[in-house]
Amino acid sequence: MKLKYFLLSIIMALVFSFTVQAGGRYFIDLDGDGFNDNIIDYDNNNIPDEFQSKVKELKTFTRTFTFSPTTLFADKSKETQLTVSQQFSLHQFKARILSKCRSNFDSDFNSGQSVSSSSSSGCVGGICF
Amino acid sequence: MKIKLLFACFILVIGNSIQAQSYYNTDFSITASNTDNLFKNYSNVTEHFTSLKGTINLYRTDIEQLSFFADYTNYGNNPNLSNIKYGGGITLLPLSDSSEFTLFLNLNYQGYSYKNALTTNSSDFSNENIDGMISLGYQVNEKTNVRIGLNSTLTGYASSSVTDKNLRDIFAGINISLFGSNAFDLEGGYSHEKYDYLPEYHPDFGIHYGIQPRNAYSLLEKSDLNSFYLSLRYSRPLGNKSGLSLTYSFREFTDFKDSSMIYGFSTGYLSPWVASYEGNSVQVKIKTYLIPFTILNFGFGYWNSSYLKTLELGYYDFLGELLSRVNTEDGQLRDDDKYQMFLSFSIPIVTSSGRLFEPSLKIDYIDNNSSIANYTFSNFTASISLNIK
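Residues numbered from 1 in each chain as written. Chains lettered and ligands numbered in written order. Predicted model: local features only at pLDDT ≥ 70, side-chain atom pairs only at ≥ 80, totals over all residues.

Participant: Which parts of the structure should I look at to understand unusual backbone geometry?
Facilitator: Negative phi values dominate among residues other than glycine, just as trans dominates among peptide bonds. Residues and elements named next belong to chain B. Here the phi dihedral of F179 falls at roughly 50°; this positive angle occurs in a residue that is not glycine. You will see that F293, though not glycine, has its phi angle at about 65°, which is positive. Examined against the element boundaries, F293 turns out to sit in the loop between β13 (277-288) and β14 (295-307). (Helix = DSSP H or I, 4+ residues; strand = E, 2+ residues; numbered from the N terminus.)

Printed below as a string of structure tokens:
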């Protein structure tokens, strides 16, 4: 019983503790990763821009890449600069909560293995059992 | 088969060579994995396997996506498992961004082809999948979203003896932010599917010769399997660079016949319904950007699962061979307690041309305790992959 009260206390402390996170006036988390979905990710690498250095260089044997937000994303207000596929991605991002349901318990806990859906049931070679 | 391989090669070559353009993009990935328990049961079959996947997405407009993919997996120790998965799909998002409604329409086709048989008669289990989803969302205000949807999955087997699996879900959910940065997401749904079951079971002389792969299909009858589920998710930031997610889920059959049984894996009848279970689960996930340029995900989960009564063949150590003995002789229910954790690192790198390179490492550990000895196991799997978009 004490353990239940302890866990409940932790949860309540989490709920009522405020964390300031950038990304807009209102916090919204549709995909359930704990981050504000309004945080900007112009370079589309799944790391919000404020959490990474803007420019990083990596030299390879053959050429040099410059890692930086592309000019394509430099001004999000100019949507005409986005390609058709990028515009679709924006629509898709806004609809991500609609793209799957949680009827499969494991769908929200899949670590991405190709051999199995990370459940006690398995999928071997495409056959799920 | 040559056409399928040609199709796969085409997708892979295209996926790796062309640059992102206005009306299409590509996705190519290679994954190498190693596991100490491929089938996740008592057998502890070790395996290493490599998967190559290529996808091309086509866009005629900004509300429509056509996708085609090919995914080849090669198994090192069990080459007969090697297979190719291929297919395509269409996704429509027809409503404008200014609308408070969002409509999602999706239809996919997937086919599986095997290099050889998985079991004595597993060519029967080459299958094709068609799944579709229609869901509608409405933004009530800046902090509240509601949704409703229909999901349907049809798995058709190559053999006429194996009943196709047709699962339908209807679901509804609400996502709301409260007390600052706290997001709550509640979803409930109802599922319906047809399944094949064994209505009567009579062991003969203590050893159950009655169930054999050769006569397994003829003993089965068809019925409905209905269930409902509820899932509550809570998520919030932990500091500025980490996010926490807690999910509780519950599922229960509504009209399952207690006396009925289904076939399991080892009868040679690779039952599509073995994965059907009721129970509950708790999952905790943490995502963090604390390591520069790296996405780190950690998850821990617990599942309590009660499966359908299942008949399996048993393995006799003293004879050293598999006999047609049922290992659930007393009609014992399979009830599992599973603990699982995973850890993944990925380093996404975007080039100036807009192409994304993402190497990643994933490890996954499962500890499963079951009321049936065959399913008490542990499993450790590690994989490395490179994704190029």
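Participant: I'm lost on the confidence of the model for chain A in this one. Help?
Facilitator: Residue and element names in this part refer to chain A. Scored by pLDDT, chain A comes out at a mean of 60, with 36% of its residues at no less than 70. The lowest-confidence element of chain A is strand β2 (residues 64-67), averaging 35 in pLDDT; the highest-confidence one is helix α2 (residues 84-94), averaging 82. Across residues 54-79 the pLDDT falls below 50, and counting only partners more than four positions away or on other chains, this stretch makes 34 contacts in the model. Low pLDDT, under 50, characterises residues 125-129; the predicted model gives this stretch 21 contacts beyond four residues in sequence or across chains. (pLDDT = per-residue confidence, 0-100. Contact = placed C-beta atoms within 7 Å.)

Participant: Mind showing me how you'd approach the environment of S96(B) here?
Facilitator: If you trace the backbone, S96(B) turns up in the loop between β4 (83-92) and β5 (101-114). A C-alpha to C-alpha distance of 40 Å links S96(B) and Y277(B), two positions 181 residues apart in sequence.

Participant: Explanation requested: the pairing of strand β11 (residues 242-253) of chain B in the structure shown.
Facilitator: Working note: regular strand, side chains alternate between the two faces of the sheet. Residue and element names in this part refer to chain B. Pairing geometry for strand β10 (residues 221-237) and β11, over 11 bridges, is antiparallel. Note on β11: the bridge partner recorded for Y229 is R251. With antiparallel pairing between neighbouring strands as the criterion, β10 and β11 make up a hairpin whose turn holds four residues, including G239 at a positive phi of roughly 75°. In the sheet, β11 pairs with β13 via 10 bridges, with the strands oriented antiparallel. Bridge pairing in β13 links T247 to Q283. (Pairing = 2+ DSSP bridges.)

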